[in-house]
Structures are given as C-alpha cells and as structure tokens.
Amino acid sequence: MRRVVCPGSFDPVTNGHLDIIGRTSRLYDEVVVAVLINIEKQSLFTVEERIEMLQAVTREYGNIRVEKFHGLLVDFCKQQGIPAIVKGLRAVSDFDYELQMAQLNYRMSGVETLFMSTNPEYSFLSSSRLKEIARYGGDVSGLVPDLVHKSLVERLRG
C-alpha cells in the first residue's frame, strides 16, 4: 500500500489545502492528513474541531485518514510507517523554507518530501490571511468549504 502524509495546522482548512489533499489522494492508496498540535501557537479552532472539519470535507475521497500529531513530523511518519510527505508550494518563498525542512527531515529519518505546486487559483491563499480577512468582515466564501465558512463566521463574528 502506497501511503503519504499531508501535514499542517489547517486552522482552518482552505480550498487550497483541499486541492493538494485531493490531488494527492488520486496518486496514493492512503493519505494521512496530519493536524499539528502546536501549543506555542494560539489557534482559532481546537485540534478536535479541525479534525472534524477535515473529516467532513474529505469524506468523499474514501482514502483519507485524519490524525493529530505533536513533535517532529518524521517521528509521526516512522510511527505510522509512512515513507513520504507531500507539501503544497504556493510561491518561491514557500520553496525556500520547505526545501530546508525536506533536507533536514531526510537527514534525520530518510523520509522523503514531495512538492506539489498549488493550483494558481489558490496560490495567494493562506489560513492566516483568510482569518484576517474574515475577522474584518471580508467575504471568504469560495476560499473555504461551506462547512468551514459557516464555522469561521460563527467563531469570528459570534
């Protein structure tokens, strides 16, 4: 069975994330979407809420499992028996950072990193920018799944 991990904080999951996850799911038998538990970072949604949203919006694929992890991603990969990581790249600036992480991960564990270019329709999209736009009342519909949009609006606008 060919398995791969798509890691991230997914706070919240965007259509850009789903583009990478969906395209990856057509290439691998199982895609594990790994939700980072980062106690250093103030998240808008809890890890459990992010997992629930991801499970709901990826259900149609049939070969996606959503898990949480903390610590080193390569340790998670080893524990799960996953030999590769897929990362979406939006711009050259993403590549600069992700290349260094890929090289460190490979040196530490032998886990490979595969880069997938983001659909140009989502190349500008990030969860942090999206939250900022929504926080100030901007329209982010069409940038996130409807379920996530509803949760985002409820959380930010009460």
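Residues numbered from 1 in each chain as written. Predicted model: local features only at pLDDT ≥ 70, side-chain atom pairs only at ≥ 80, totals over all residues. Heavy atoms only, no water.

Novice: What should I look at first to understand the UniProt feature "binding site: substrate" (unreviewed entry) in the chain in this one?
Specialist: Here the UniProt feature "binding site: substrate" (unreviewed entry) sits at Ser9, Lys41, Leu73 and Lys87. From this annotated list, the subset lining the largest cavity comprises Ser9 and Lys41. Relative to the helices and strands, Lys41 is located in the loop between strand E2 (30–36) and helix H2 (47–58). Following the sequence through the fold, Lys87 ends up in strand E4 (residues 84–89). When neighbours within four sequence positions are excluded, Lys87 is seen to be in contact with Pro7, Glu98, Thr113, Leu114, Phe115 and Met116. (UniProt positions renumbered as here; feature names shortened; annotations may be inferred. 1 Å grid on protein atoms, 1.4 Å probe; cavity = no way out; pocket = protein on both sides within 12 Å on 5 of 7 lines; lining within 4 Å. Helix = DSSP H or I, 4+ residues; strand = E, 2+ residues; numbered from the N terminus. Contact = heavy atoms within 4.5 Å.)

Novice: Looking at this model, I keep getting lost on the layout of surface pockets. Mind explaining?
Specialist: Rolled over the atoms, a probe sized like a water molecule indicates the empty space that remains. Reported here for the largest pocket is a volume of approximately 1200 Å³. Lining the largest pocket are 41 residues, and of these Pro7, Gly8, Ser9, Lys87 and Glu98 sit closest to its centre. Listed by contribution, the elements that provide at least two residues to the lining of the largest pocket are strand E1 (3–8), helix H1 (15–25), helix H3 (73–80), E4, helix H4 (92–109) and helix H5 (127–135). It is H4 that provides the largest number of residues to the lining of the largest pocket, a total of eight residues. Here the lining of the largest pocket is composed, by residue class, of 19 nonpolar, 14 polar and eight charged. (Points joined across faces, edges and corners; volume = space filled by probe spheres on them. Nonpolar A, V, L, I, M, F, W, Y, C, P; charged D, E, K, R; others polar.)

Novice: For this particular structure, what's the right way to read the UniProt feature "site: Transition state stabilizer" (unreviewed entry) in the chain?
Specialist: Mapped onto this numbering, the UniProt entry gives "site: Transition state stabilizer" (unreviewed entry) at His17. Within the secondary structure layout, His17 lies in helix H1. A relative accessible area of 24% means that His17 is categorised as partly exposed. Excluding residues within four positions of it along the chain, His17 makes contact with Phe10, Pro12 and Ser127. (Buried < 20%, exposed > 50% of the residue type's maximum accessible area, 1.4 Å probe, protein only.)

Novice: Help me out: how do you make sense of the packing of aromatic side chains in this one?
Specialist: Here the distance between the centres and the angle between the planes together describe a pair of aromatic rings. Enumeration over the complete set of coordinates arrives at two aromatic pairs. Ring centres 5.7 Å apart and planes at 70 degrees place the aromatic pair Phe95 and Phe115 in the edge-to-face group. Here Phe115 lies in strand E5 (residues 112–117) and Phe95 lies in helix H4, a separation of 20 residues in the sequence. Given a relative accessible area of 31%, Phe115 falls into the partly exposed group. Its end group placed over the ring of Tyr28, Arg2 keeps NZ or CZ at 5.8 Å from the ring centre. (Phe/Tyr/Trp six-rings, centres within 6.5 Å; stacked < 30°, edge-to-face > 60°. Lys NZ or Arg CZ within 6 Å of the ring centre and 35° of its normal.)

Novice: Can you help me understand unusual backbone geometry in this one?
Specialist: Note: most residues except glycine have negative phi, and most peptide bonds are trans. With an omega of 0 degrees, the peptide bond between Asp11 and Pro12 qualifies as cis. Take Pro12: it is sitting in the loop between E1 and H1. Although it is not a glycine, Phe10 adopts a positive phi angle of roughly 50 degrees. Relative to the elements of secondary structure, Phe10 occurs in the loop between E1 and H1. Overall, Phe10 belongs to the buried group, its relative accessible area being 4%.

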